[in-house]
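Chain and residue survey
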Amino acid sequence: MAGTSPGLAYKDYYAVLGVARTASPAEIKKAYRKLARQHHPDAKPGDKASERRFKEVNEANEVLGDPDKRRQYDELGANWEQISRAQAAGGGGGSPFGGFGGPGNVRYEFHTTGDPGEFSDFFRVFFGQDAEGGTVHAATGPARGTRPTGGLGFEDILAGMGLGGQPSASGHVGGTTGGTSRRVPPPAHEAHADISLAEAYHGTKRLVEVDGKRLEVTIPRGADSDTRIRLSGRGPGGGDLFVVVRLLPDARFTRRGADLERELPLTLEEALLGAEVRVETLKGSVLLKIPAGTQPGRTFRLTGQGMPRFNANGFGDLYAKVRLILPTDLSADAKASARTFFELVDQPTPR
């Protein structure tokens, strides 16, 4: 990116991982794992270039794999040229460990501990972390403050260069960039809602208690475990509330996405001679025709008898697997009749 300062080059973490800036967390994770395996020192012993690449990949994942750091990094990237120009105007530059200056006689100094090869200067300056949990110190004029591991933060960098203000108690950052102000959103809060499979099928409502308040949450049909329902501004301090669904086990059905599985018990007579049997579904009961000679373990597919698809049209399917129930405690007459029957049946040994 143009306009970088000497001694503190901007690092494009998206390019390091080979992903787009719009990449999802799953895409970032997949790219990181692939590159980490490829350049791991154990895979290429003694290869210094691969070792440096391995460190770059880990550093990129440290930032892009963390939602808060990624947000700060994206804001930093959009304003890097402005920061660089302000630094140059204030006579700053040089290594970040020697300090750099900004307008208004503001000077920042950076001191870290640990192995300097673990993370780049760029990472330590803006995220304040190193292999040993180093500390970043910020000096503004005669006063000096210390901020533990966590970095100066993007707002602090802007404020020190005269490009923005300090965060206020209300979460606003006052600035001089065109007379506008930025609001730092309150942190999001998470609550959980346990629901049955039948409630997931039909949709339901739940009361959740957050910050001493009871809120009614509508859970749409088709919701599954880990479905997240966002309530904007309903969390503590005006932050967003995310209600995470937890699906309770069901005695009859096993869920696989929008599909359901269940056992279908059959008598020996039904399996041998065929029959029409009633199968219970979450919609109600349906009649299923069982052909003669049905074997245990055979699975019948009942189209459209599964779960409603979440945020989509249609239903999944129900898969009913046959389980044969044999008669027990046969009387002497029944055993004799069974032997006569088996003598008439031409069945080869299946083993």
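**Thoughts on the overall build of the protein chain**
A tally of helices and strands in the protein chain yields nine helices and 17 strands. When each of the 351 residues of the protein chain is scored for burial, the buried share is 36%. Sequence separation of at least 24 residues holds for 50% of the intrachain contacts in the protein chain that already meet a minimum separation of 6.

**Details of the pattern of salt bridges**
All told, the structure shown has 15 salt bridges when counted by the stated rule. With a shortest N-O distance of 3.6 Å, Arg256 and Glu261 are connected by a salt bridge.

**Considerations on the environment of Arg70**
Positionally, Arg70 belongs in helix H4 (residues 67–89). For Arg70, a relative accessible area of 14% translates into the label buried. The sequence separation of Arg70 and Ala60 amounts to ten residues, and the corresponding C-alpha distance is 9.7 Å.

**Quick notes on the sheet that holds strand E12 (residues 254–256)**
Overall, mixed pairing links the four strands, which are arranged E12-E13-E17-E16 in an open sheet. Taken across any chain shown, the strands that pair with only one partner, and hence form the sheet edges, are E12 and strand E16 (299–302). Direction aside, the axes of adjacent strands within the sheet are offset by 30° on average. Sheet topology places E16 next to strand E17 (residues 318–325); four bridges connect them, and they run antiparallel.

**A look at the nonpolar core**
Counting residues in each nonpolar core, the largest one holds 33 residues, and the members touching the most others are Val208, Leu241, Val243, Leu264 and Leu288. Sort the elements by how many residues they give to this core and strand E11 (residues 241–247) lands first, with four residues. In this structure, Ala60, Tyr73, Leu76 and Phe123 belong to the second largest nonpolar core, which totals 23 residues.

**Things to note about the pairing of strand E13 (residues 259–267)**
Every second residue of E13 is oriented toward a common face, the buried set being Leu260, Arg262, Leu264 and Leu266 and the non-buried set Asp259, Glu261, Glu263, Pro265 and Thr267. Pairing analysis gives three bridges linking E12 to E13, with the strands arranged antiparallel. Residue pairing across strands places Arg255 opposite Leu260, the latter belonging to E13. The turn joining E12 and E13, which pair antiparallel and follow one another in sequence, is formed by two residues; a positive phi near 70° is taken by Gly257. Pairing of E13 with E17 involves eight bridges; the strand directions are parallel. In the sheet register, Leu264 faces E17, and the bridge partner there is Val322.

Parameters and conventions
- Residue numbering note: each chain is counted from 1, following its sequence as written.
- Reporting of local features is limited, given that this is a predicted model, to residues whose pLDDT is at least 70; pairs of side-chain atoms are given and counted only at 80 or more, and all residues count toward the totals for whole chains, interfaces and linings.
- In computing side-chain properties, one takes all heavy atoms of the structure into account and sets aside hydrogens as well as water.
- Numbering of helices and strands runs from the N terminus; a helix is a DSSP stretch of H or I covering at least four residues, while a strand is a stretch of E covering at least two.
- When a residue's accessible area, from a 1.4 Å probe over protein chains only, is under 20% of the maximum for its type it is buried; when over 50% it is exposed; and in between it is partly exposed.
- It only takes one pair of heavy atoms within 4.5 Å for two residues to be counted as in contact.
- Here a salt bridge means any side-chain nitrogen of Lys or Arg lying within 4 Å of a carboxyl oxygen belonging to Asp or Glu.
- Any two strands with at least two DSSP-identified bridges between them are counted as paired.
- Note on geometry: axes are lines fitted to C-alpha atoms, helical ones only across the stretch in contact, with angles between N-to-C directions running from 0 to 180 degrees.
- For our purposes a nonpolar core is just a set of buried Ala, Val, Leu, Ile, Met, Phe, Trp, Tyr and Cys residues, chained together by side-chain atoms within 4.5 Å.

By themselves, these figures tell us nothing about what the structure is for.
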